[in-house]
Structures are given as structure tokens and as C-alpha cells.
Amino acid sequence: MSKPAVLVAEELSPAGIALLEEDFEVRRVDGSDRSQLLPALADVDALIVRSATKVDAEALAAAGRLQVVARAGVGLDNVDVEAATKAGVLVVNAPTSNIISAAEQAVNLLLASARNTAPAHNALVNGEWKRSKYTGVELYEKTVGIVGLGRIGALVAQRMLAFGTRAIAYDPFVQPARAAQMGVEVTTLDDLLERSDFITIHLPKNKDTLGLIGEEALRKVKPTVRIVNAARGGILDEDALYQALKEGRVGGAGIDVFAKEPCTDSPLFEFENVVVAPHLGASTHEAQEKAGTQVARSVKLALSGEFVPDAVNVQGTGVAEEIKPGLPLTEKLGRVFTALAGTIASRIDVEVRGEIAAHDVKVLELAALKGVFADVVEDAVTFVNAPLLAKERGVEVNLVTSDDSSDWRNLISVRGVLADGTRVSVSGTLTGPRQIEKLVEVNNYTLEIGLAEHMVFLSYDDRPGMVGKVGALLGEAGVNIAGMQVIRDEEGGQALIALTVDSAVPEPVLASISAEIDAAVTRQVDLED
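Just so we're clear, the structure is a prediction, and the values are computed from it rather than from any experiment.

1. Description of the overall build of the protein chain
Working step 1: If you tally the helices and strands in the protein chain, you get 17 helices and 22 strands.
Working step 2: Against the globule reference of 24 Å for 529 residues, the protein chain gives a C-alpha radius of gyration of 30 Å, more extended than a compact globule.
Working step 3: Viewed in the frame of its principal axes, the protein chain has a C-alpha envelope of about 105 × 50 × 40 Å.
Working step 4: Here the protein chain holds 529 residues, and the buried ones make up 50% of them.
Working step 5: For the protein chain, the distance from the average site of its 50 positive side-chain charges to the average site of its 75 negative ones is 7 Å.

2. Details of the side chain of Ser196
Working step 1: Relative to the helices and strands, Ser196 is located in the loop between helix 9 (189-195) and strand 9 (198-201).
Working step 2: Judged by relative accessible area, which is 0%, Ser196 ranks as buried.
Working step 3: At 3.4 Å, the side chain of Ser196 forms a polar contact with the backbone nitrogen of Gly145.
Working step 4: A distance of 2.7 Å separates a polar side-chain atom of Ser196 from the backbone oxygen of Leu192.
Working step 5: Ignoring anything within four residues of it in the chain, the contact list for Ser196 reads Thr143, Val144, Gly145, Ile168, Lys222 and Val225.

3. Overview of the sheet that holds strand 6 (residues 143-147)
Working step 1: The 7 strands are arranged 8-7-6-9-10-11-12 in an open sheet whose pairing can be described as parallel. Pairing within the sheet leaves two strands with one partner each, and these edge strands are strand 8 (185-186) and strand 12 (274-276).
Working step 2: Taken together, the 2 bridges between strand 7 (residues 166-170) and strand 8 define a ladder with parallel strand orientation. Of the residues in strand 8, the one forming a bridge with Ala169 is Val186.

4. Quick notes on the packing of helix 13 (residues 326-341) against helix 14 (residues 362-374)
Working step 1: Axis separation between helix 13 and helix 14 bottoms out at 7 Å; the angle between their running directions is 40°. Comparing the axis directions of helix 13 and helix 14 gives the class oblique. The way helix 13 lies across helix 14 gives a crossing that is right-handed. Here helix 13 contributes Gly326, Leu327, Thr330, Glu331, Gly334, Arg335, Phe337 and Thr338 to the contact with helix 14, which in turn contributes Val363, Leu364, Ala367, Ala368, Lys370, Gly371, Val372 and Ala374.
Working step 2: Taken together, the residues of the contact of helix 13 with helix 14 sort by class into 8 nonpolar, 5 polar and 3 charged.

5. Focus on unusual backbone geometry
Working step 1: Residue Pro262 is reached from Glu261 by a cis peptide bond, and omega for that bond is 0°.
Working step 2: By secondary structure assignment, the location of Pro262 is in the loop between strand 11 (252-255) and strand 12.
Working step 3: Notably, Asn444 is not glycine yet its phi reads approximately 75°, a positive angle.
Working step 4: Within the secondary structure, Asn444 is located in the loop between strand 17 (436-442) and strand 18 (445-450).
Working step 5: Residue classification places Asn444 among the exposed residues on the basis of a relative accessible area of 67%.
Working step 6: Positive phi outside glycine occurs at Asp518, with the angle close to 55°.
Working step 7: Among the structural elements, Asp518 can be located in the loop between helix 17 (507-517) and strand 22 (521-526).

6. As for the domain arrangement of the protein chain
Working step 1: Looking at the protein chain, the domain boundaries give domain 1 (5-95 + 286-304), domain 2 (98-276), domain 3 (314-451) and domain 4 (452-528).
Working step 2: Measuring from the centre of the C-alpha atoms in domain 1 to the corresponding centre in domain 3 gives 30 Å.
Working step 3: In this assembly, 5 residues from domain 1 lie in contact with 5 residues from domain 3.
Working step 4: Across the domain 1 to domain 3 interface the summed buried area is about 380 Å²; carbon plus sulfur atoms make up 78%.
Working step 5: On the surface where domain 1 and domain 3 come into contact, there are 0 salt bridges.
Working step 6: The interface formed by domain 1 and domain 3 contains 0 residue pairs in polar contact (both at pLDDT 80 or more).
Working step 7: In terms of residue class, the side of domain 1 that touches domain 3 is built from 2 nonpolar, 2 polar and 1 charged.

7. Re the sheet that holds strand 3 (residues 46-49)
Working step 1: Within the open sheet, the 5 strands sit side by side as 2-1-3-4-5. Their pairing is parallel. The open sheet terminates on both sides in strands that have one partner only, identified here as strand 2 (25-28) and strand 5 (90-92). Geometrically, the sheet is characterised by an average inter-axis angle of 20° between neighbouring strands, direction not taken into account.
Working step 2: Two strands pair when backbone bridges link them, and strand 3 and strand 4 (residues 68-71) are joined in this way by 4 bridges, in the parallel orientation. Within strand 4, the position partnered with Ala46 by the bridge is Val68.
Working step 3: Helix 1 (residues 14-21) rests against strand 1 (5-8), strand 2 and strand 3 of the sheet, and its axis sits at about 135° to strand 2.
Working step 4: In this fold helix 12 (residues 285-303) packs onto strand 1, strand 3, strand 4 and strand 5, with an angle of close to 170° to the strand it touches most, strand 4.

Conventions we followed
- Residues numbered from 1 in each chain as written.
- Predicted model: local features only at pLDDT ≥ 70, side-chain atom pairs only at ≥ 80, totals over all residues.
- Heavy atoms only, no water.
- Helix = DSSP H or I, 4+ residues; strand = E, 2+ residues; numbered from the N terminus.
- Rg over C-alpha atoms; globule rule 2.2 N^0.38 Å.
- Buried < 20%, exposed > 50% of the residue type's maximum accessible area, 1.4 Å probe, protein only.
- Lys, Arg positive; Asp, Glu negative; His and termini not counted.
- Charge placed at Lys NZ, Arg CZ, Asp CG, Glu CD.
- Polar contact = N/O pair within 3.5 Å; in protein donor to acceptor, adjacent residues only side chain to side chain.
- Contact = heavy atoms within 4.5 Å.
- Pairing = 2+ DSSP bridges.
- Axes fitted to C-alpha atoms, helices over the stretch in contact; angles between N-to-C directions.
- Parallel < 35°, antiparallel > 145°, perpendicular 65-115°, else oblique.
- Left-handed = near helix turned anticlockwise from the far one by under 90°.
- Nonpolar A, V, L, I, M, F, W, Y, C, P; charged D, E, K, R; others polar.
- Domains from an automatic or database assignment.
- Buried area = accessible area lost by both parts, 1.4 Å probe.
- Salt bridge = Lys/Arg side-chain N within 4 Å of Asp/Glu carboxyl O.

Shown next, in the form of C-alpha cells:
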């Protein structure tokens, strides 16, 4: 078989390329050139971009085999995530690749602004020795206001506290107790604006944050305040900042990002007390290396059908280590469920019981849905489009969790109701140090049998001789039985045979077995990848 193809549309670190080349055919194209990009997308499985390649509906439509778009960086302004989701294409980025570099750049700009480094440098290289003109201020015992206490904001706080500053923050999504553990006081935006000697911005850019630090906000600050924006252009209103600087209402600024980029001409450039940089927050060798290797690993996970923690269009958060072994088990349970149901259920409940229920198990619901639809739709089913497939088919989906699991340390169940009211259920668990996948319940029958690539389920009226007939017919067909369990609700009642076999049972043979034992239900499931 040919290797999956990965299209690298922009520069990627050598380490990232090396990781990809271990498993994939790596192709290259200039992603900014649409005439090159669109034809190159026709037969690739993954696309890796940075910021210059526009991944829109047109590009996605040209990529018939595409499974994942990976952005080697943090932002996703150039990727139509909604269109990708509808197409079942995973979108991933490298959210932690540049956090240290971005935090250090914010500190760098803050220090440069405090000590007038840029204008002093320019004066000196032009032959002027102006020590008194460029006298700066210390950070010690000053108040630093951090707007956004996420991963980067927290790193900035840590570094600012080392300078002996007081750190205050505005972030409505951070609990005061969590901030206090960092040594940071959480306050309102207005209070931060009024108290801060330095303000540094670390928010994502969205409809709520665009222009957040604008004309009104800049009338509340100290006239000596220095403001740093190394997050996203547009959060700090550049026109409002210009006016505040011109009127002496702001003492200085450090700007790494602009509302429109590239920006080579701005009114802000006329001020000596403004230090600017061309969006260098992620421009370190270390950040570029991390971005390349992170997206390469994400592409590997995506193309092997595994969950990708850095996916941005998958419901749920990162996967705890305790949850990961349960992902393939849950997907297989979903496939067994659909095989037993013989149709799509109108309602599906994914139940997670035991110790793992203490974690975020939303991803197990996604894995179950991925399995439920894997064998009934033509398109590839992913963690991304599985919820959409359920919604389009009117399937009600519920996730149920409980720390109570009396028989097993952890138990995962997929239960559902069909349109005619019939109930179907399967349950599984992982046992032993090797985490062996086992099926432990089918339609309220208790059993314990290992999940295998080929399985057969037969439901019939309990009576003597049925097991022998099944074995004989399989033997005549050359199908070897690897494992078998027979379960009944009562003597002479309903019975279930669960079989694992070494090869798929031909349909004519399955039909003969069903007729021979007068089976009420005969189902075969193929769990091969």
C-alpha cells in the first residue's frame, strides 16, 4: 500500500518534516499560490499550513481525501473551521508551541518601554549620547496589570513577580483562588486600568475582545502607564492609543501585533516612546521547532484514527492518560452496538462508570458515535463529524457518568432505543496490566469474552444440541472458533451465543446456521481496521 500523503504548504521545521517522513509521503507546495495549492490538494490526506495559506470552503472542496488540516502555530484566522467540520476534516494547531516565546516577548517589550531602549539605541548609533533624555523607570514595586490570565498571561505574571512587582489581572474565566495560587490578584477591568503602572494584554481575539482597550478604557489609565500588546492586533485600538499618546494620557507602549498585517506604516511609528516589532512573539527557533513537531505528532494521531488532543473542532478537552486506553474499546462497542441493532437507533446513551468517571469523558461519547456510524455511512467517520452525523439523523445522544461500578473497576456501555422501541445494549471493560478489551454485557446478558476482529452473535430459544450444530457448520465451512460463550436468561428461555472466530463467516454459512437453530437474531461484526 502507498503511504498517506501529507502536503506541507509553508515552511516547517526540519524536525517536524523528519517526523512526518517516518510514516508519510511528504509533498510541498507554495500555499499562497492558489493555482498550485488547489490541484495539489486533490489526493492528499493531510495539509500543514502556517498563516499565508487560506484554507477555505473552496480548498476543502478540492481535497477529496483530506482528513486533517494542521496549523503550525496558535491562531486559525486563515482556516475556515466551520467548513472543515462540515466536511469531517479535523483542524489542529500547536497551542503551546509559542507560549514561552510569546510571554518572553511581552516582557521584552515591557522592559524596552520602561528603559527607552529603542530610542536610546537609535540616538547612540546616530552619534548622540543622551543619557538624561532617556531616563527610564524601575519595575520594582510597580503594579503590572495582566489582561487575560491564560497560559501566556500566567507565564508573564510569573516573570513579573520575579521583578518584585505587584501583579493584578482581569480575566472573568479565572477563579480568584486559582489566581491567588500564582500570587496574582483578580480584579475588574476598570480597577486594573486605574491602578496599573504597566498593562500587558494576553487575550484571544474575538467579538468580545476586539477593541476592548479603546478610547473609553484609555481615559481611565495613569498618564505614566506603559501598555504592551503581544497578543492579537485589534484588541488594543491603535487609533485610540495614538490619540492617547498624542495627548499625553499614556506614557508609552510596546506593540508586536497590529490590526492589519503586515504593517509597515502606522501613525504610532512617530512616537519615540513606542517600541514596535513585526509580530515576533512566536519567532524563536525553539517555538518554530515545537510548532513543527507538535503538528507532525497531531497529523500522525489523526491519520491513525486516534484522538488528537490539540484538535480545535472536537467537542471536549484534552484526554487524561486514564481515558486514552478506553478510546479504541469504546469505538468497538459502538460498532458492535450498530451490528446488533441492524439499524440506526433513535436514542443512544453512552454510560461511563467507575474511577474514570472522575475525568472529563466527553471524548468517550465521541468515540462511541464514531463506532456507531463507522459501518453505515460511506464517508470516513471522525471525532469531528460523528456528532454531526447523529444530529443529521435525528439521533438523541446522552452521556451518563457515575463513580459506581459494582462488578468492574471501570465500565463503558452503549445503550440505545430503536425506532420500534427495541432496546439494544453492549458493555465493555479493560482488564489486567495489559488492559485487555473485554465484552461483558450484551442486551442484558452477562458474559466475559475478549473483543476480536471477527465476532458473531446468535439469539435463539434455549434447547439441547444448538451449540454442536453451530460448531459443526462452522467447521464444515473452515471457520475456526477462537472463543465462545453461551448465556441464557433461564433454562428453556432465551439464549445468546457470542463467538469470536479467526475469519469472517461467509453470509451463506451464517444463513445456514441461523436456519438450523431457528435464531431470532443473527449478527456478525467485523472489527478489522
